[in-house]
Amino acid sequence: MNHWKFLSALSLLAGLWAPSAMAAEPVVLKFSHEAPEQQAKGRTASYFAEKVAELSGGSLKIEVFPGAQLIPTKDEVRAAMRGQVDIIAPQTSYFVPFDDSWDVFYLPLLFDNALQGMEIIQGELGREMLGTLSRNRLHGLGIWHDGPGFLFTRETPVTKPADLAGRKIRVFPSAPLEAGVRAAKGIPVSMPGPDVYLGLQQGLIEGVISAVTFAAPSRWYEVTKAATRMTMFVGGYGIVINEARWKSLSDEHKRVIQEAMALSEKWNFNHAVENIAASEKLLTDNGVTIADLTEEDLADWRAAMKPVYDAQPDSIKQRIAQVEKLKSALKKPN
């Protein structure tokens, strides 16, 4: 009898322990992105995951998979929509097929400088645009940055639109950027990112539009000796989570993610500013001349880009108007 009482007591204790053990298991979200861990996006993703673990007391865990380990870059948005992965952080240009107004961030010279663009995109405009992705089964969390797009050329800096005439310039897939190169009489060339170094080295292309923070660690200073510090784009990365997965989280875990994202956005902004400066220094230390546009040069470029702006659909023109208002507000003294 005592034997059976002992077994019953054990069973009761096991029954009491099991629910608490299950409750102690953390909720896990899978975060996939294509960047190496040491680059800006990779480091920010790690920081975000650390803050989520810290703020949730370990009850929520973000598993980060860098380097496109889970999903190829070109497939990650649809994978997140289907729920194959929980969180992604693609370049904002990857949202264009679902909402063409994201193309606004790739209009050449829309922003006066990188910091202005970063602040505007990470602010109310970016959040509003992230909100529209809910119709695509995605919930927007925030926006991170890496660096602005500069114009790199093999020999001498391009400062006037006429300097680009007849030159083959590699551009990643982007209708506004391609149109901008054509407007300056240049020739936009499509070429995979890993092939750019060899393309410059062999003279297959004469220049490239790319983030300065990508060009420097990619050692493009070995095959290009000139850059123009003008904001050809300030795209950023849009961090989104599968909407059904978001809705399945507790209110507390949603709060943790929002707080961790706010912290990571601030950390990322400061890191991006430092990274831009460090990248420019690495380029100049290795013989690259970085040119700035004069007011006259800038006016010439804006005149050359006007047809590109005029040809945009209404959805993008509305976003352009929003950007101009926000730029004016930033310029006003406090």
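Everything below is about the structure shown above.
Rules used in this analysis
- Residues numbered from 1 in each chain as written.
- Predicted model: local features only at pLDDT ≥ 70, side-chain atom pairs only at ≥ 80, totals over all residues.
- Heavy atoms only, no water.
- Salt bridge = Lys/Arg side-chain N within 4 Å of Asp/Glu carboxyl O.
- Helix = DSSP H or I, 4+ residues; strand = E, 2+ residues; numbered from the N terminus.
- Buried < 20%, exposed > 50% of the residue type's maximum accessible area, 1.4 Å probe, protein only.
- Axes fitted to C-alpha atoms, helices over the stretch in contact; angles between N-to-C directions.
- Left-handed = near helix turned anticlockwise from the far one by under 90°.
- Contact = heavy atoms within 4.5 Å.
- Nonpolar A, V, L, I, M, F, W, Y, C, P; charged D, E, K, R; others polar.
- Core = buried A, V, L, I, M, F, W, Y, C linked by side-chain atoms within 4.5 Å.
- Pairing = 2+ DSSP bridges.

### Notes on the pattern of salt bridges
Phase 1: Per the stated rule, a full pass over the model turns up 19 salt bridges.
Phase 2: The shortest N-O distance in the salt bridge between Glu280 and Arg229 comes to 3.2 Å. Here the residue Glu280 occupies a position in helix H10 (residues 251–285), and Arg229 occupies one in strand E9 (residues 226–233), the gap between them amounting to 51 residues.
Phase 3: Residue classification places Glu280 among the buried residues on the basis of a relative accessible area of 15%.
Phase 4: Of the residues examined, Arg229 reaches a relative accessible area of 31% and is grouped as partly exposed.
Phase 5: Linking Glu259 and Arg255 is a salt bridge whose minimum nitrogen-to-oxygen distance equals 2.7 Å. Residue Glu259 and its partner Arg255 are both found in helix H10; the two are separated by four residues, about one turn of the helix.
Phase 6: Look at Glu259 and you get partly exposed, because its relative accessible area is 34%.

### Examining the packing of helix H2 (residues 40–56) against H10
Phase 1: Look at H2 against H10: their axes get within 9 Å of each other, and the N-to-C directions meet at 150°. Helix-helix and strand crossings are classified by hand; for H2 and H10 the assignment is right-handed. Each of Ala40, Arg43, Thr44, Tyr47, Phe48, Lys51, Val52, Leu55 and Ser56 in H2 lies in contact with H10, whose residues at this interface are Arg255, Val256, Ile257, Glu259, Ala260, Met261, Leu263, Ser264, Trp267, Asn268, His271 and Asn275.
Phase 2: Its residues placed into classes, the contact of H2 with H10 shows 11 nonpolar, six polar and four charged.

### Regarding unusual backbone geometry
Phase 1: Phi at Arg137 takes a positive value of approximately 65°, unusual for a residue other than glycine.
Phase 2: Mapped onto the secondary structure, Arg137 falls in the loop between helix H5 (124–131) and strand E4 (138–144).
Phase 3: Assessed through its relative accessible area of 45%, Arg137 is described here as partly exposed.
Phase 4: The residue Arg219 is not glycine, and still its phi comes out positive at about 60°.
Phase 5: Tracing the backbone shows Arg219 in the loop between helix H8 (212–215) and E9.

### Structural notes on the nonpolar core
Phase 1: Membership of the largest hydrophobic core comes to 74 residues, with the highest contact counts inside it found for Phe105, Ile209 and Trp301.
Phase 2: With five residues, helix H11 (residues 295–310) is the largest single contributor of residues to this core.
Phase 3: Formed by 21 residues, the second largest nonpolar core is a distinct cluster that contains Phe31, Ala45, Ile62 and Trp246.

### Let's talk about the sheet that holds strand E6 (residues 168–170)
Phase 1: The strand order across the open sheet built from six strands is E7-E6-E8-E5-E9-E11, with neighbouring strands paired in mixed fashion. Since the sheet does not close on itself, it has two edges, and those belong to strand E7 (187–189) and strand E11 (289–291), each with one partner. Neighbour to neighbour, the strand axes of the sheet diverge by 30° on average, direction disregarded.
Phase 2: Bridge count between E9 and E11: three bridges; the pairing is parallel. Paired with Thr228 across the bridge in E11 is Ala291.
Phase 3: Strands E6, E7, strand E8 (207–211) and E9 of the sheet are contacted by helix H6 (residues 175–183), whose axis makes an angle of about 150° with E7.

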